[in-house]
Amino acid sequence: MPRQGEEGVVGAFSIAEKLDRLFRQVRDAGRAEPSYMAVAEAIRAGQGVAISHTYIWQLRTGRRDNPTVQHLTALATYFGVPVSYFLDDEQTRRVDAQLDLLRSISDAGVTEIALRAADVSPRGRETISELIRKVWESEQRQP
């Protein structure tokens, strides 16, 4: 839903809000969010895109709000999201839902189970899935 800003109606999510969400969500469980310096250095080293930590901070805090496509693409690549995350609010909602799910899985310690199951045969994965379902059902019946 659009909201009223100081300069009139703006989109449901600003670039600053989207970037802030990525900083807060896209990281390993138990790890602090990356510094602006670390993000800028990773983008420069990994993608060859010149971007400063100050500029990233300005984008995240809303002091700058008209980044180039090159910078949006570099930030999207760094955080592992499509560049459309920054351009399309519906895409933002879909990616945010996926990020929430990944965070829940990571926080719940499910990652280790999933990684181990990846090396199991399809029949073994079915058995694991059935066992997990039975445990879940059992725990749902308990007060």
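Notes on the structure in this doc start here. Residue numbers here run from 1 along each chain, matching the order of that chain's written sequence. The model is predicted, so local features are restricted to residues of pLDDT at least 70 and side-chain atom pairs to those at 80 or more, both for listing and for counting; the totals for chains, interfaces and linings are taken over all residues. Derived side-chain values reflect all non-hydrogen atoms in the structure, with water molecules and hydrogen atoms excluded from consideration.

**Brief notes about helix H4 (residues 69-79)**
When H4 is considered as a whole, its buried residues turn out to be His-71, Leu-72, Ala-74, Leu-75, Ala-76 and Phe-79. The contact criterion used is simple: two residues touch if any of their non-hydrogen atoms lie within 4.5 Å. Comment: elements are numbered from the N terminus, with helices defined as DSSP H or I runs of at least four residues and strands as E runs of at least two. On its buried face, H4 sits against helix H1 (15-25), helix H2 (36-47), helix H3 (53-61) and helix H5 (84-87). Directly after H4, the chain includes Gly-80, whose backbone phi takes a positive value near 75 degrees. Exposure classes here rest on a 1.4 Å probe applied to the protein chains alone. A residue is buried below 20% of its type maximum, exposed above 50%, and partly exposed in between.

**Comments concerning the nonpolar core**
We call a set of buried Ala, Val, Leu, Ile, Met, Phe, Trp, Tyr and Cys residues a nonpolar core when their side-chain atoms join them within 4.5 Å. Formed by 22 residues in total, the largest nonpolar core has its most connected members in Leu-19, Leu-22, Ile-43, Ile-51, Ile-56, Leu-75 and Phe-86. Looking at this core, the elements with two or more residues in it are H1, H2, H3, H4, H5 and helix H6 (89-107). Sorting elements by how many residues they give to this core places H4 first, with five residues.

**Some remarks on the pattern of salt bridges**
For salt bridges, the criterion is a side-chain nitrogen of Lys or Arg within 4 Å of an Asp or Glu carboxyl oxygen. For the structure shown, the criterion picks out seven salt bridges. With a shortest N-O distance of 2.6 Å, Arg-60 and Glu-33 are connected by a salt bridge. A residue pair is termed long-range when its members are at least 10 positions apart, and Arg-60 in helix H3 and Glu-33 in the loop between H1 and H2 qualify at 27 residues. Close ionic contact of Arg-93 with Glu-90 constitutes a salt bridge, the shortest N to O distance being 3.7 Å. Of the two residues, Arg-93 and Glu-90 both sit in helix H6, three residues apart, roughly one turn of that helix. For Arg-93, a relative accessible area of 34% corresponds to the partly exposed category. You can call Glu-90 partly exposed: its relative accessible area is 40%. What emerges from the salt-bridge pattern is a single network uniting Asp-20, Arg-24, Glu-33 and Arg-60.

**Let's talk about the side chain of Arg-60**
Take Arg-60: its relative accessible area is 11%, and that puts it in the buried class. For the purposes of these results, a polar contact is taken to be a pair of N or O atoms within 3.5 Å, where, inside protein, one atom must be able to donate a hydrogen and its partner to accept one; residues adjacent in sequence count only when each atom of the pair is a side-chain atom. Engagement of the side chain of Arg-60 in a polar contact is seen with the side chain of Glu-33, the distance being 2.6 Å. Beyond its immediate chain neighbours, meaning those up to four positions away, Arg-60 contacts Ala-16, Leu-19, Asp-20, Phe-23, Arg-24, Glu-33 and Tyr-36.

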